[in-house]
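Now for the letters of each chain:
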Amino acid sequence: MQNILLDFISKYIILTEEEKNALLSLNLFQTVKKGTTLLKEGDKSNETYFVLKGCIRTYYIIDGEEKTTGFYTEMEGVTPPSVITKTPSDYFVSCVEDSILTVTNAEMEAEMNHKFPKFEIMCRKLSEELLAKKQIDFDAFKTSSPEQRYLDLIQKRPDLVQRVPQHQLASFLGIKPQSLSRLRARIIDKEKS
């Protein structure tokens, strides 16, 4: 797992051996079982997550119903807003699959940024990429039909269809599981025609 992380980082910055050793000495890696809740609504946390293997999701519970807002798989990170705002979380973060994560906190990041300023450059680049991706995803969600959202999902993230329970996938698309079943059937019928 160390090599996977270092390979990912090398896409943004070149690390010296000293920097690699300092990073790996932080005890970042956690193996987490499927179904584990990493963050609950109402809890405070200062932890951020980066998925090396597996899948985690973010979701709200509104009127007793889960509303999935995101799935994060290999080489994707999650910084819950409550980490930045220092307030209780509005949502949950949980593991959809057995996962291997790096888990960091603000103190660790500040220490690394102080010792090795290039980490701050990498974090800024990652933040900019994530912000741009989130805006594109939000705009696409707001301007497309459920069918178009599903077609985009199977084009851009086909792995999720196999990895994620249908009710969570439907929630992510903003529809009910029954609607997702009908939508899939309609798409299959169109493909046969």
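Everything that follows concerns the structure shown earlier in this document.
So, here's what we can say about the structure. (Residues numbered from 1 in each chain as written. Predicted model: local features only at pLDDT ≥ 70, side-chain atom pairs only at ≥ 80, totals over all residues. Heavy atoms only, no water.)

**Structural notes on the side chain of Ser-82**
Alright, step 1. Tracing the sequence through the fold places Ser-82 in helix 3 (residues 81-85).
Alright, step 2. Those residues in contact with Ser-82 that lie beyond four places of it in its chain are Leu-39, Ser-45, Thr-87, Pro-88 and Ser-89. (Helix = DSSP H or I, 4+ residues; strand = E, 2+ residues; numbered from the N terminus. Contact = heavy atoms within 4.5 Å.)

**Description of the pairing of strand 8 (residues 99-105)**
Alright, step 1. Among the seven residues that make up strand 8, seven are buried, leaving the element largely enclosed by the rest of the structure.
Alright, step 2. Here strand 8 shows two buried faces, one formed by Ser-99, Leu-101, Val-103 and Asn-105 and the other by Ile-100, Thr-102 and Thr-104.
Alright, step 3. As judged from the four bridges shared by strand 1 (residues 29-32) and strand 8, these two strands associate in the antiparallel manner. What sits directly across from Val-32, in strand 8, is Ser-99.
Alright, step 4. Pairing of strand 3 (residues 47-53) with strand 8, which is carried by six bridges, proceeds in the antiparallel orientation. In the sheet register, Lys-53 faces strand 8, and the bridge partner there is Ile-100. (Buried < 20%, exposed > 50% of the residue type's maximum accessible area, 1.4 Å probe, protein only. Pairing = 2+ DSSP bridges.)

**Topic: the nonpolar core**
Alright, step 1. Core analysis: the largest hydrophobic core is formed by 18 residues, its most contacted members being Leu-5, Ile-9, Leu-15, Leu-23 and Phe-119.
Alright, step 2. Going through the elements one at a time, helix 1 (2-9), helix 2 (17-24), strand 3, helix 4 (106-115) and helix 5 (117-143) are the ones with two or more residues in this core.
Alright, step 3. When residues in this core are grouped by element, the largest group, four residues, is from helix 1.
Alright, step 4. Not counting the four nearest positions on each side in its chain, Leu-23 is found in contact with Leu-5, Leu-6, Ile-9, Leu-15, Leu-28, Met-112 and Phe-119.
Alright, step 5. Formed by 15 residues, the second largest nonpolar core is a distinct cluster that contains Phe-71, Tyr-150, Ile-175 and Leu-180. (Core = buried A, V, L, I, M, F, W, Y, C linked by side-chain atoms within 4.5 Å.)

**Structural notes on the sheet that holds strand 6 (residues 76-78)**
Alright, step 1. Strands sit in the order 1-8-3-6 across an open sheet of four strands; the sheet is antiparallel. Each edge of the open sheet is held by one strand with a lone partner, namely strand 1 and strand 6. Here the average twist between neighbouring strands, direction ignored, is 30 degrees. (Axes fitted to C-alpha atoms, helices over the stretch in contact; angles between N-to-C directions.)

**Regarding the layout of surface pockets**
Alright, step 1. A volume near 230 Å³ is recorded for the second largest pocket.
Alright, step 2. Together, Glu-65, Glu-66, Lys-67, Thr-68, Thr-69, His-167, Ala-170, Ser-171, Gly-174, Ile-175, Lys-176 and Pro-177 line the second largest pocket.
Alright, step 3. Put simply, the parts of the chain that give the lining of the second largest pocket at least two residues each are strand 5 (65-72) and helix 8 (166-173).
Alright, step 4. A per-class count over the lining of the second largest pocket returns three nonpolar, five polar and four charged. (1 Å grid on protein atoms, 1.4 Å probe; cavity = no way out; pocket = protein on both sides within 12 Å on 5 of 7 lines; lining within 4 Å. Points joined across faces, edges and corners; volume = space filled by probe spheres on them. Nonpolar A, V, L, I, M, F, W, Y, C, P; charged D, E, K, R; others polar.)

**Thoughts on the environment of Ser-171**
Alright, step 1. For Ser-171, the position within the fold is in helix 8.
Alright, step 2. For Ser-171, a relative accessible area of 14% gives the class buried.
Alright, step 3. Residues Ser-171 and Leu-130, 41 residues apart in the sequence, show an inter-C-alpha distance of 22 Å.
Alright, step 4. In this structure Ser-171 touches Glu-66, Lys-67 and Thr-68, once residues within four positions along its chain are discounted.
Alright, step 5. Only 3.2 Å separates the side chain of Ser-171 from the backbone oxygen of Glu-66, close enough to count as a polar contact.
Alright, step 6. Of the polar contacts made by the side chain of Ser-171, one reaches the backbone nitrogen of Thr-68; its length is 2.6 Å. (Polar contact = N/O pair within 3.5 Å; in protein donor to acceptor, adjacent residues only side chain to side chain.)

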